[in-house]
Amino acid sequence: LFGFASYGKVRFHHRSVFEYLAAERLKTLFESGKMSARALQRLLFINTRGKTIVRPSMRPVAGWLALFNDRIFEKLRDHEPAVLLNEGDPESLTQHQRNQGLRAYIQRYGLGGWRDLETPAIQIQRFASPELAHEINQLWGLGIENFEMRKTLLALIEAGRIVDCANIAQELSCNTEAGDYERIQALN
């Protein structure tokens, strides 16, 4: 939890610890009535050029707060669903929230080309569950153009050992028109 900073002082060993603690502090202030919902949202979100985005420095904190606050979850789902997969602890989301988050993520980023979105493997493992099978099958059936989104779904199938999605992996691994990387991931 702590690392050595200098003589007689310590620091947090990893940034994720103080991001979690910051979220807990904001949660406490909100629940005790010392911070309004509006103030909390102003702290996390900003409107720019007609779009609502999460302040870059607050993305991890927003991910943690989504676990405790439905309004924060909904705003992330509607505007920046990548935060739900990449930040906080996606394993603690309810199954309904995971389904909603995954659907929003794929619908938002699934069309078009490269977007430079990479979900860390540890977050994929935390997010994955066999209960995502129906959602993944529906999303895959829509025809996802973006390679990164297909890669994310394949990683979820692998990490969650989602047997009900084995047909996706089997068909993709046999598809000679698919890229080598996708076929290898499908085999995994």
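Structure first, text after, so check above.
S.K.: Please explain unusual backbone geometry as it appears in this structure.
M.R.: The phi torsion at Arg49 lies on the positive side, around 55°, for a residue other than glycine. Within the element layout of this structure, Arg49 appears in the loop between strand E3 (45–48) and strand E4 (51–54). With relative accessibility at 85%, the residue Arg49 sits in the exposed group. Phi is positive for Arg161, close to 45°, though the residue is something other than glycine. Structurally, Arg161 is set in the loop between helix H9 (147–159) and helix H10 (166–174). Overall, Arg161 belongs to the exposed group, its relative accessible area being 70%.

S.K.: I'm lost on the nonpolar core in this one. Help?
M.R.: One finds Leu44, Leu76, Leu102 and Ile136 to be the most contacted residues of the largest nonpolar core, which totals 49 residues. Discounting residues that sit within four places of it in the chain, Ile136 has contacts with Leu102, Leu153, Leu156, Ile157, Ile162, Cys165 and Ile168.

S.K.: Where do I start with the packing of aromatic side chains in this structure?
M.R.: Each pair of aromatic rings is reported with the distance of its centres and the angle of its planes. Following the criterion strictly, the structure yields 3 aromatic pairs and no others. With 4.8 Å between their ring centres and 70° between their planes, Tyr20 and Trp64 make a pair best called edge-to-face. Linking Tyr20 in helix H1 (residues 15–31) with Trp64 in helix H3 (residues 59–65), this pair joins segments that are 44 residues apart in sequence. Since its relative accessible area comes to 32%, Tyr20 is described here as partly exposed. The exposure class of Trp64 is buried, given its relative accessible area of 16%. Seen from their ring centres, Phe147 and Tyr181 are 5.8 Å apart, and the 65° between their planes marks the pair as edge-to-face. Here Phe147, found in helix H9, pairs with Tyr181, found in helix H11 (residues 180–187); they are 34 residues apart in sequence, far enough to count as distant. Among the residues examined, Phe147 registers a relative accessible area of 28% and is labelled partly exposed. Classification of Tyr181 by relative accessible area gives partly exposed; the value is 46%. The aromatic ring of Phe68 is capped on one face by Lys27, whose charged end is 4.1 Å from the ring centroid. Sitting over the ring of Phe45, Lys75 keeps its end group 5.2 Å from the ring centre.

S.K.: Just to check I follow, could you spell out H1 for this structure?
M.R.: Because each turn of an α-helix spans 3.6 residues, side chains separated by three or four positions end up pointing in the same direction. Along its 17 residues, H1 runs 24 Å from first to last C-alpha, staying within 8% of the 24 Å computed at 1.5 Å per residue. Within H1, the full set of buried residues consists of Val17, Glu19, Ala23, Leu26, Lys27 and Leu29. Looking one or two residues beyond H1, the residue adopting positive phi is Gly33, at roughly 85°.

S.K.: What exactly am I supposed to notice about a nonpolar patch on the surface here?
M.R.: On the surface, a nonpolar cluster with roughly 250 Å² of combined accessible area is contributed by Tyr20, Leu21 and Phe68. Structurally, Leu21 can be placed in helix H1.

S.K.: Just checking my understanding: could you explain helix H2 (residues 37–44) for this structure?
M.R.: Within H2, the full set of buried residues consists of Leu40, Gln41 and Leu44. Along the axis of H2, the buried residues cluster in a sector spanning 95°; they form a single face. Projecting away from the buried face of H2 at angles above 90 degrees are the exposed residues Arg38 and Arg42. Elements that come into contact with the buried residues of H2 comprise H1, E3, E4, H3 and helix H4 (70–79).

Cut-offs used in this document
Residues numbered from 1 in each chain as written. Predicted model: local features only at pLDDT ≥ 70, side-chain atom pairs only at ≥ 80, totals over all residues. Heavy atoms only, no water. Helix = DSSP H or I, 4+ residues; strand = E, 2+ residues; numbered from the N terminus. Buried < 20%, exposed > 50% of the residue type's maximum accessible area, 1.4 Å probe, protein only. Core = buried A, V, L, I, M, F, W, Y, C linked by side-chain atoms within 4.5 Å. Contact = heavy atoms within 4.5 Å. Phe/Tyr/Trp six-rings, centres within 6.5 Å; stacked < 30°, edge-to-face > 60°. Lys NZ or Arg CZ within 6 Å of the ring centre and 35° of its normal. Expected span 1.5 Å × (residues − 1). Patch = residues over 30% accessible without salt bridge, like charges linked within 9 Å, V, L, I, M, F, W, Y side chains within 5 Å. Areas by Shrake-Rupley, 256 points an atom, 1.4 Å probe, with all protein chains shown as cover. Salt bridge = Lys/Arg side-chain N within 4 Å of Asp/Glu carboxyl O. Arc of directions from axis to C-beta.

Nothing here speaks to function; it is geometry throughout.
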